[in-house]
Amino acid sequence: MKKSITYFENPGEENTDELIKLVIDRLNYSKIKYIAVASVTGKSILKLIKELENSYEGNLKDLKIINVSHHAGFKKDNELEIDDETRLKLEKKGIITYVGSHALSGVGRGISNKFGGVTPVEIIAATLRMFSQGIKVCGEISIMLADSGLIPVGENIIAIGGTGKGFDTATILTPANMTKVFDMKFHEIIAIPLP
Ligand SMILES: Cc1cc2nc3c(=O)[nH]c(=O)nc-3n(C[C@H](O)[C@H](O)[C@H](O)COP(=O)(O)O)c2cc1C
């Protein structure tokens, strides 16, 4: 079997538009119905939706797209990084924004921040980051969404992430719950930045 992977020369937001095109190309010849998206502010997922409305060949109503933002307090106490207006705009298009504890840092981050060292879950995150920041993000949001019941385990989904802002990585994976994290399977990389 031969399949293609797009390698971006550099990580980062500048790859967002191309990444979106590649995801839609891949969606157009697959039966995948779930898309897990990491869009902290909602900016990049709004671009994805616009492009899907223009060039997805299937019925958009058959797709289940879920957004994930950072947990409250990631940047500043009691604050979310997605505003109500954007969240509502997405909701009107049927897209939920999930906000919760990050699966691949979680309370472990609080422990290592206070006492130093590293927790096992942070080692999983660091290992996935050896591929790209986005690969870690794809894995992380798929666990978070599986645990929230918003995406199924045991079914292939597309997951999209990036490096800080925008999108530069997309994968096809089977999500797993946090209690069975090593059942998660990465099947394909659609696009990834070179390190
Ligand atoms: C739960 C979560 C965890 C994230 N973790 C990382 C990370 O470890 N490294 C990184 O470079 N970006 C991380 N991001 C950022 C995303 O990969 C992506 O670039 C960003 O959400 C795009 O948001 P935007 O649409 O506001 O630009 C994370 C985002 C979310 C929602």
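Criteria and cut-off values
Residues numbered from 1 in each chain as written. Predicted model: local features only at pLDDT ≥ 70, side-chain atom pairs only at ≥ 80, totals over all residues. Heavy atoms only, no water. Core = buried A, V, L, I, M, F, W, Y, C linked by side-chain atoms within 4.5 Å. Buried < 20%, exposed > 50% of the residue type's maximum accessible area, 1.4 Å probe, protein only. Helix = DSSP H or I, 4+ residues; strand = E, 2+ residues; numbered from the N terminus. Contact = heavy atoms within 4.5 Å. Patch = residues over 30% accessible without salt bridge, like charges linked within 9 Å, V, L, I, M, F, W, Y side chains within 5 Å. Areas by Shrake-Rupley, 256 points an atom, 1.4 Å probe, with all protein chains shown as cover. Salt bridge = Lys/Arg side-chain N within 4 Å of Asp/Glu carboxyl O. Phe/Tyr/Trp six-rings, centres within 6.5 Å; stacked < 30°, edge-to-face > 60°. Lys NZ or Arg CZ within 6 Å of the ring centre and 35° of its normal. Near = heavy atom within 4 Å. Polar contact = N/O pair within 3.5 Å; in protein donor to acceptor, adjacent residues only side chain to side chain. 1 Å grid on protein atoms, 1.4 Å probe; cavity = no way out; pocket = protein on both sides within 12 Å on 5 of 7 lines; lining within 4 Å. Sits in = over half its atoms within 2 Å of the grid points. Expected span 1.5 Å × (residues − 1). Arc of directions from axis to C-beta.

Description of the nonpolar core
Soluble, globular proteins show a tendency: their nonpolar side chains are buried together.
(1) Moving on: In terms of nonpolar packing, the biggest core is built from 27 residues, with Leu27, Leu52, Ile65, Ile158 and Ile160 touching the most fellow members.
(2) Moving on: Put simply, the parts of the chain that give this core at least two residues each are helix H1 (16-28), strand E2 (34-38), helix H2 (43-55), strand E5 (157-163), strand E6 (165-174) and strand E7 (185-193).
(3) Moving on: When residues in this core are grouped by element, the largest group, six residues, is from H1.
(4) Moving on: Non-local contacts of Leu27, meaning those with residues more than four positions away in its chain, are made with Ile32, Ile35, Leu52, Tyr56, Leu63 and Ile158.
(5) Moving on: Ala36, Ala38, Met144 and Leu173 belong to the second largest nonpolar core, which has 16 residues in total.

As for a nonpolar patch on the surface
(1) Moving on: The grouping of Ile5, Tyr7 and Leu194 at the surface amounts to a nonpolar patch, some 270 Å² of accessible area in total.
(2) Moving on: Along the chain, Ile5 falls in the segment before strand E1 (6-8).

Quick notes on the packing of aromatic side chains
Within a pair of aromatic rings, the relevant descriptors are the distance that separates the centres and the angle that separates the planes.
(1) Moving on: Summed over all chains, the structure comprises zero aromatic pairs.
(2) Moving on: The ring of Phe115 carries Lys114 above its face, with NZ or CZ at 5.9 Å from the centroid.

Digging into the site of the ligand
(1) Moving on: Near the ligand there are 21 residues, and of these Ser39, Thr41, Ser44, Arg129 and Gln133 occur at the shortest range.
(2) Moving on: Here an oxygen atom of the ligand and a backbone polar atom of Ala38 are 2.9 Å apart.
(3) Moving on: Contact distances for the ligand include 2.7 Å between an oxygen atom and a backbone N or O atom of Gly162.
(4) Moving on: Burial of the ligand by the surrounding chains reaches 93%, relative to a free accessible area of 630 Å².
(5) Moving on: Among the detected pockets, the ligand sits in the largest pocket.

Here we look at H2
(1) Moving on: Given a rise of 1.5 Å per residue, 13 residues ought to cover 18 Å, and the 19 Å separating the end C-alpha atoms of H2 matches this to within 8%.
(2) Moving on: If you check which residues of H2 are buried, you get Ser44, Ile45, Leu48, Ile49 and Leu52. The buried side chains of H2 occupy one side of the element, clustering within an arc of 140 degrees when seen end-on. Structural note: H2 exposes Lys50 and Asn54 on the side pointing more than 90 degrees away from its buried face.

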